[in-house]
Amino acid sequence: MDNNKNKHQQAIDQLIRMFSSQDHKKVIDLGLKYIKIFKDSHIIHNILGASFGSIAENNKAEYHYKKSIRISPKTAITYTNYANLLRNTGRIDESILNYKKSIELNPKHYKAYNNLAITLHDIGQLHDARVLLDKAIKIEEKNFLAFYNIANVYRDLGLSYAAIENYEKAKDLNSDHLPIYNNLGLVLFNIGRYEEAILEFEFVIERDPKNAASIQNLSSCYRAIGEFDKALKFNTLSFDLNTDNKLTDRLLTNRAGIEFDSGLFDESVLNNNKALEINPKSYSTYDNQCLGFQKTGKYEELKETYNLLYKTLDGSPKIKSKDENINHILDKMDNIVALIKNSGRTGSIFLHSLLDGHPEIITTPGVYFKGFFHPEVWDLIYVGKSNPNWKKILVSNFISMYDAFFDSKSLLDVPGKPMSGPPGYASGLTTLGENKDISLKIDKEKFGQYLFTFLEGYEEMTRATFFKLIHLAYNATLNRNLNPKLLFFHIHNPTFVESAQFLKDFPNARFLQIIREPIQALESWCKIEPKITDITSMEHEENNKFINKFAIVLNYLNNQILDKSISNAVLRLEDLKKEPTNTLKKLSDWLGIKYIDDLKEPSFEGNYYWGISNTTPDVKGFSTESVDRKPGIFFSSKDITRIKPLFGVFNSFYKYDKLDKNNHKKDLEFALSELDKPFDFEEKVLKRTKGDELSIKVQKKYLRILMRNIIEEIKKEDKHIKLKNMI
């Protein structure tokens, strides 16, 4: 008997050695001979299952795994190996059950936790994946893969700093695993730490010179810091090395972005078009193309591209709950008003704070959901109805991805990056109350319970319905009115894709735009950030891109959102501050709600809202100090003389100034004749920046193209009717 046991063990040892050398066919030939001798050997069946799986003979692999389990139903590793096979062949639900069985049999089985977490991560169950990986790390604290995998989960959840921390731990445990460096570089890039990201990608490329993904990522970094020659060089190299046709549209889009930023506008348009031919649902390409046309005043092309994007997107079909009370409330939420702005610093959050808490309005504080309507965000949050646990997963994924919504002091960003910096801080939601000592917080557990309860009556979910349910759960958590007349959504500054998807989901939404005198708005918004070191940050780059700001403020005759909406109106910040009662009464009439005196109290959740001014932090909301300020804090008098005619029609329509048509034509001709001369503010920007001369030069070029085209638009008087009614 002992001799037979020894022979069995010798056979197993021999098979394991051969398996380790990856000579799977020899393992199979010998294993099949041994299994005739040792018929009840669950270990040999397990080895045969793994060997057949390695050469993609999956049916035979499954046969031997099942035999192994039948012989020894309490061996955890067999369930893990069988689950691996099921996962690799697309039988995800079965693989999950077998991983769970393995963990049940051996709660210390690291691989089962790790592989189950990867499986859940791949199907969008990010929260559950994170929990499992935390357990895996506790089991094997020195296993780099657990830290690497949990970092990937944090990255996909948008939790960048947690991702960085875990990638660094993975590096400490295994400094040779190149995917760690690449993924760490991606996270650093996403939060604007470009120089650090470059070091990570260079580390990968030095050891793997044909790594096309890292080379393209390096290209994106050089684009971000304005080194366009290097960016194009590495983009071309990644093209040459790329063997994945699915990446071609992304490479073309990246090249188009580099070309646009370096002043090669025509080449940029061409490559964006090529990318869209390959992948008509390349959303980043649409955003790039639309933005390029907006920055250069190519309005017909902008309209055409935006319409094509709109047609490409799928709307959210209306679905019903089994709970008729929920249906009744959600039907009322079809009356949606979305708030947008015509520039930065227009007081949009201040206006929002006046409407928060009105008994006939349902809304959520801040601008957290600006990016919610990007199609890729919904794909991350919702795993689909085929998963029996989709409701639980949907709630947990939402809570994980929108951490700042529940705690305004969270440093984690939300999808769409609505603000420059952590959204709670940047929106002024951490300095509420008379003493500025209150920050908004929402009970996650209570909110989650309400949201899950509301989901119970549904067989599936859509983005539009879930958006309403978020508002319902928020108001239920606060014990607020659950029978609103109107859903008020502060969409703020959506990308073209985000706005088009919102319009597709809610085609009957009305839009309210808050505006401010345009020269004053530009001066308040434009910043000149001196670059005192060689390190480039995302915030520095954005603050010095004056072309972006001009393009948005000058886009008053061709706003794609307003042009596509069924109803819209404009409200002046000056009227809101100087004549609040009269303005809010008019606004209430347009919204279809009752005017109440509480509308004149800026607050969120009943806490006084101060705003986010760096220059006048202690000035209360209705102070007119900011709107009474005379022009000249950024532009010189010469600049204003040249820029102001471009806003003549806007200023006349919205009663900022009177318009003499004859003089206006002369002013436009003068502005046109002076276009080739530098503006004083451009010289100021150039002097206070360091090493950004090319970026400023390109912006100068596009500003002149934009101004020339907007002057041509203004001359088409039939387009003036596109200006929206003023409240």
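All of these numbers come straight from a predicted model, not from anything done at the bench.

### Some points on the sheet that holds strand E5 (residues 567-572)
Move 1: Pairing is parallel in the open sheet, where five strands are placed in the order E2-E3-E1-E4-E5. The open sheet has two edge strands, strand E2 (361-362) and E5, and neither has a second partner.
Move 2: Inspection of the sheet shows strand E1 (residues 336-341) paired to strand E4 (residues 510-515) by five bridges, in the parallel sense. Residue pairing in the sheet places Ile340 in a bridge with Gln513 of E4.

### Focus on helix H27 (residues 496-505)
Move 1: By the criterion of burial, H27 is predominantly enclosed, with nine of the ten residues buried.
Move 2: All of the buried residues along H27 are Phe496, Val497, Glu498, Ser499, Ala500, Gln501, Phe502, Leu503 and Asp505.

### A word on the nonpolar core
Move 1: Phe398, Met461 and Phe550 are the most contacted members of the largest nonpolar core, which has 176 residues in total.
Move 2: Excluding residues that lie within four positions of it along the chain, Phe398 makes contacts with Phe369, Ile381, Phe405, Phe406, Phe447, Leu451, Phe466 and Ile470.
Move 3: If you look at the next biggest cluster of nonpolar residues, it comprises 24 residues, including Ile361, Leu486, Leu512 and Leu576.

### Focus on the confidence of the model for the protein chain
Move 1: Averaged over the protein chain, the pLDDT score is 91; the fraction of residues at 70 or greater is 95%.
Move 2: pLDDT under 50 marks residues 530-540. Its contacts with residues more than four places away, or in other chains, come to 29 contacts.

### Focus: the pairing of E1
Move 1: Taking burial as the measure, the six residues of E1 include six buried ones, the bulk of the element.
Move 2: Along E1, one buried face is formed by Ile336, Ala338 and Ile340 and the opposite face, lined by Val337, Leu339 and Lys341, is buried too.
Move 3: Bridging between E1 and strand E3 (residues 486-492) involves five bridges; their strand directions are parallel. If you follow Ile340 over to E3, its bridge partner there is His492.

### Considering unusual backbone geometry
Move 1: For Ala56, which is not glycine, the phi torsion reads 65° and is therefore positive.
Move 2: Position of Ala56 relative to the elements: it lies in the loop between helix H3 (42-54) and helix H4 (58-71).
Move 3: For Ala56, a relative accessible area of 55% puts it in the exposed group.
Move 4: Of note in this structure, Asn479 is not a glycine but carries a positive phi near 60°.

### Focus: the pairing of E3
Move 1: With seven of seven residues buried, E3 is to be regarded as a mostly interior element.
Move 2: Here E3 shows two buried faces, one formed by Leu486, Phe488, His490 and His492 and the other by Leu487, Phe489 and Ile491.
Move 3: As paired strands, E2 and E3 are joined by two bridges and run parallel to one another. Bridging from a neighbouring strand, Ile361 pairs with Leu486 of E3.

### A short note on the pattern of salt bridges
Move 1: Enumeration over the complete set of coordinates arrives at 36 salt bridges.
Move 2: Notably, a salt bridge pairs Lys318 with Asp331, separated by 3.2 Å at the nearest N-O pair. Linking Lys318 in the loop between helix H18 (299-312) and helix H19 (324-332) with Asp331 in helix H19, this pair joins segments that are 13 residues apart in sequence.
Move 3: Given a relative accessible area of 53%, Lys318 falls into the exposed group.
Move 4: Look at the salt bridges and you will find they share partners, linking Lys318, Lys320, Asp331, Asp334 and Lys468 into a network.

### Observations concerning the environment of Ser175
Move 1: Within the fold, Ser175 resides in the loop between helix H10 (160-173) and helix H11 (178-190).
Move 2: Ser175 sits 135 residues away from Asp40 along the chain, and the two C-alpha atoms are 43 Å apart.
Move 3: Look past the residues within four positions of Ser175 in its chain and what remains in contact with it is Tyr181 and Phe203.

What counts and what doesn't
Residues numbered from 1 in each chain as written. Predicted model: local features only at pLDDT ≥ 70, side-chain atom pairs only at ≥ 80, totals over all residues. Heavy atoms only, no water. Pairing = 2+ DSSP bridges. Helix = DSSP H or I, 4+ residues; strand = E, 2+ residues; numbered from the N terminus. Buried < 20%, exposed > 50% of the residue type's maximum accessible area, 1.4 Å probe, protein only. Core = buried A, V, L, I, M, F, W, Y, C linked by side-chain atoms within 4.5 Å. Contact = heavy atoms within 4.5 Å. pLDDT = per-residue confidence, 0-100. Salt bridge = Lys/Arg side-chain N within 4 Å of Asp/Glu carboxyl O.

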